[in-house]
Amino acid sequence: MKVIVVGSGPSGMIAAIRLALNNEVVLVDSNNSLGKKLLLSGNGKCNYWNRNIVPSKYITDDGFILSSILTRDNIDNTFKFLDSLGLYPTIKGDLYYPYSENSHSVLSILKRKLESSNVEIKYNFKVIDIKKENGVFTIVSSDNETITSDAVIIASGGSSMKKTGSDGSIMNILKSMGHEVIPFIPSLNRITLGCNFKSIENIRSRASIKVLVNNEELFEDSGEVLFKSDGISGIVSFNASAYVSYYLNKGNNIDIAINYLNNIDNVDEFLKNRSEQLNNPSIESLLESLIDYRLMFYLLDYISLNKDKLYNSLTEEEKNNLISVLTNNKYRALEVGDLDSSQVSIGGLKLTNINPNNFESNIVSNLYIIGEALDVAGICGGYNIAFAFISGFIVGCHLC
Ligand SMILES: Cc1cc2nc3c(=O)[nH]c(=O)nc-3n(C[C@H](O)[C@H](O)[C@H](O)COP(=O)(O)OP(=O)(O)OC[C@H]3O[C@@H](n4cnc5c(N)ncnc54)[C@H](O)[C@@H]3O)c2cc1C
């Protein structure tokens, strides 16, 4: 059978390679090269997999369907296929990178395999229409070129960083065919808070961050937080941003609570002991070596506490305020950075519109949708490329 794959991201490339074992395959992309976003991934190192691929690492409206996709077999078989292509990993914690730590080597492996599998690649082919008549698909490019096929796989990605080619425009075609599409919103980006962090801008601090949705704790992560003049950035905030974006979009009140002493168990007891050890120090001495100076002065200013005051002279209320600002420093979340600067977009084709066993549309037979074009958005850690690979591999196996 002849199959057209639209999009040369990780999902489209892996699908095309697997399909080519038994099909005539044409891979089209609006760009003049393959896998533009893949090359940018992981700061150019491409974090393509995770040891712990589970539904809870993803945002989707239909978690139960995602659970039926992310089975042990689907995950393991996809990984074995990547291994069989020669993708050799280095593993950092749970995160997998190519051993070279260079995204170009992942792309080279996929590109070489596409070429040796006789997949026809058409660059600069932006799909603007898809028609189906008498069981035959015709895809139409912006230059009015047409290609026909028996099946079409949409691997067009989400709608973040449009300069990489994933602009979400295909969703209008899918909608016109009767599919339900959840509008794209940004994820994995900086969070704007109701704060003024000018005095601590560009400081990096180890901390944990909690996302509170209508005062209920929903997500917690710890690591390095980068302060911006009006919010926070860095991997921990990127992960938090997925939940902030999703729940803000649904009209909830979202707060971010920062704990700067998250590795200390009982902070109250710890500060008392430390004060005794240091012979009733000033607040500045007490906090010295625990947090950055600029951050300390900002936090003391925030609770109107003089840094020269002796710890033992603090009232109970002042001590409580100090502990609270150090361990539960709360700000209202206002927004997440825009789609164009986000790594991933939440939203896409609703999972209820596909058969989770093979990614075929329930509305148009022989039309398949995979990767970030679907309503599946992972947090940082290789989950997004892994999902792109898993969905592409499954559809490739199904059509062989
Ligand atoms: C800066 C950055 C860093 C990232 N780092 C990581 C990471 O380390 N680990 C991780 O797991 N994820 C990472 N991601 C996310 C990850 O890259 C994406 O989730 C993944 O590439 C999605 O794969 P995909 O195949 O679904 O789509 P994409 O990779 O987005 O590819 C879609 C392709 O379809 C083409 N296309 C779109 N519309 C059309 C059309 N109408 N006609 C023809 N072609 C079209 C596009 O040109 C594009 O080439 C990162 C993203 C960014 C932006």
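Residues numbered from 1 in each chain as written. Predicted model: local features only at pLDDT ≥ 70, side-chain atom pairs only at ≥ 80, totals over all residues.

Engineer: Describe in detail the overall build of the chain, supporting the description with residues and values.
Structural biologist: For the chain, the count of helices and strands is twelve helices and 23 strands. By principal-axis analysis of the C-alpha atoms, the chain measures approximately 85 × 40 × 35 Å. The burial tally for the chain puts 44% of its 400 residues in the buried class. Here the analysis covers contacts within the chain between residues at least 6 apart in sequence; of these, 73% occur between residues at least 24 apart. (Helix = DSSP H or I, 4+ residues; strand = E, 2+ residues; numbered from the N terminus. Buried ≥ 20, exposed ≤ 12 C-beta atoms within 10 Å, placed from the backbone. Contact = placed C-beta atoms within 7 Å.)

Engineer: Kindly report on the site of the ligand, identifying the contributing residues and their values.
Structural biologist: Taken together, 42 residues sit near the ligand, with Gly7, Gly9, Gly157, Gly165 and Gly371 positioned nearest. Listing elements by their share of the shell around the ligand, those giving two or more residues are α1 (10-19), α2 (36-40) and α12 (383-398). Among the residues forming the shell around the ligand, the class breakdown is 16 nonpolar, 20 polar and six charged. (Near = placed C-beta within 6 Å. Nonpolar A, V, L, I, M, F, W, Y, C, P; charged D, E, K, R; others polar.)

Engineer: Tell me what's going on with the nonpolar core, and back it up with residues and numbers.
Structural biologist: In this structure, Val5, Val6, Ala16, Val152, Ile153 and Ile370 are the most contacted members of the largest nonpolar core, which totals 107 residues. When residues in this core are grouped by element, the largest group, ten residues, is from α12. Counting only domains with at least three residues in this core, you end up with domain 1 (2-184 + 347-398) and domain 2 (190-337). Setting aside chain neighbours within four positions, we find Ile153 in contact with Val3, Val5, Val6, Ala15, Tyr368, Ile370 and Val395. (Core = buried A, V, L, I, M, F, W, Y, C linked by C-beta atoms within 7 Å. Domains from an automatic or database assignment.)

Engineer: Residues and numbers for the domain arrangement of the chain, please.
Structural biologist: Assigned domains of the chain: these are domain 1 (2-184 + 347-398) and domain 2 (190-337). Distance from the C-alpha centre of domain 1 to the C-alpha centre of domain 2: 39 Å. In this complex, domain 1 contributes four residues to the contact, which on the side of domain 2 involves five residues. Taken together, the residues that form the side of domain 1 that touches domain 2 break down as four nonpolar, no polar and no charged.

Engineer: Which residues make up the sheet that holds strand β8 (residues 127-133), and what are the values?
Structural biologist: Pairing is antiparallel in the open sheet, where three strands are placed in the order β8-β9-β10. Every other strand in the sheet has two partners, leaving β8 and β10 (146-149) as the edge strands with one partner each. Put simply, the sheet's adjacent strands are angled 20° from each other on average, direction ignored. (Pairing = 2+ DSSP bridges. Axes fitted to C-alpha atoms, helices over the stretch in contact; angles between N-to-C directions.)

Engineer: Quick rundown of unusual backbone geometry? Include the residues and the values.
Structural biologist: With phi around 50°, Asn134 is a residue other than glycine that occupies positive phi space. Checked against the element boundaries, Asn134 lands in the loop between β8 and β9 (136-141). Its 4 C-beta neighbours within 10 Å are what place Asn134 among the exposed residues. Positive phi values are uncommon outside glycine, yet Met161 reaches one of about 40°. The topology assignment puts Met161 in the loop between β11 (151-154) and α6 (170-176).

Engineer: Summarise the environment of Arg72; cite the residues concerned and give the values.
Structural biologist: Residue placement: Arg72 occurs in helix α4 (residues 72-84). For the pair Arg72 and Ile53, spaced 19 residues apart in sequence, the C-alpha separation works out to 9.2 Å.

Engineer: Which residues make up the packing of α1 against α12, and what values go with them?
Structural biologist: The geometry of α1 relative to α12 is characterised by a closest axis approach of 7 Å and an angle of 25° between their N-to-C directions. Taken as axis vectors, α1 and α12 run roughly parallel relative to one another. For the pair α1 and α12, the crossing hand works out as right-handed. Residues Pro10, Ser11, Gly12, Ile14, Ala15, Arg18 and Leu19 of α1 lie in contact with α12, whose contacting residues are Ile385, Ala388, Phe389, Ser391, Gly392, Phe393, Val395, Gly396 and Cys397. Considered class by class, the residues forming the contact of α1 with α12 number ten nonpolar, five polar and one charged. (Parallel < 35°, antiparallel > 145°, perpendicular 65-115°, else oblique. Left-handed = near helix turned anticlockwise from the far one by under 90°.)

Engineer: Please give an account of α1 that cites residues and values.
Structural biologist: Most of α1 sits out of view: ten of its ten residues are buried. Taken as a whole, α1 has its buried residues at Pro10, Ser11, Gly12, Met13, Ile14, Ala15, Ala16, Ile17, Arg18 and Leu19. Lining the buried residues of α1 we find β1 (2-6), β2 (24-28), α2, α5 (103-116), β11 and α12.

Engineer: Any chance you could break down the sheet that holds strand β3 (residues 49-50) for me, citing the residues and the numbers?
Structural biologist: Spatially, three strands are ordered β3-β6-β5 in an open sheet, and the strand pairing comes out antiparallel. The open sheet has two edge strands, β3 and β5 (89-92), and neither has a second partner. Relative to strand β6 (residues 95-98), β5 is paired through four bridges, and the arrangement is antiparallel. Counted as the bridge partner of Lys92 is Leu95 from β6.

Engineer: For the environment of Ile354, give the residues involved together with the corresponding values.
Structural biologist: By secondary structure assignment, the location of Ile354 is in strand β20 (residues 354-355). C-alpha separation for the pair Ile354 and Arg206, spaced 148 residues apart in sequence, amounts to 42 Å.

Engineer: I'd love a proper account of the packing of α4 against α12, names of residues and values included.
Structural biologist: Direction vectors running N to C along α4 and α12 enclose 90°, while the axes themselves pass 9 Å from each other. When the axes of α4 and α12 are compared, the pair comes out roughly perpendicular. For the pair α4 and α12, contact is made by Asn74, Ile75, Asn77, Thr78, Phe81 and Leu82 and by Phe389, Ile390, Phe393 and Ile394, respectively. When the residues that make up the contact of α4 with α12 are grouped by side-chain class, the tally is seven nonpolar, three polar and no charged.

Engineer: Please provide a residue-by-residue account of the pairing of β10, values included.
Structural biologist: Of the pairings in the sheet, the one linking β9 to β10 comprises four bridges and is antiparallel in character. The partner of Phe137 across the bridge, within β10, is Ser149. Hairpin connection of β9 to β10: four residues between the antiparallel strands, including Asn144 at a positive phi of 70°.

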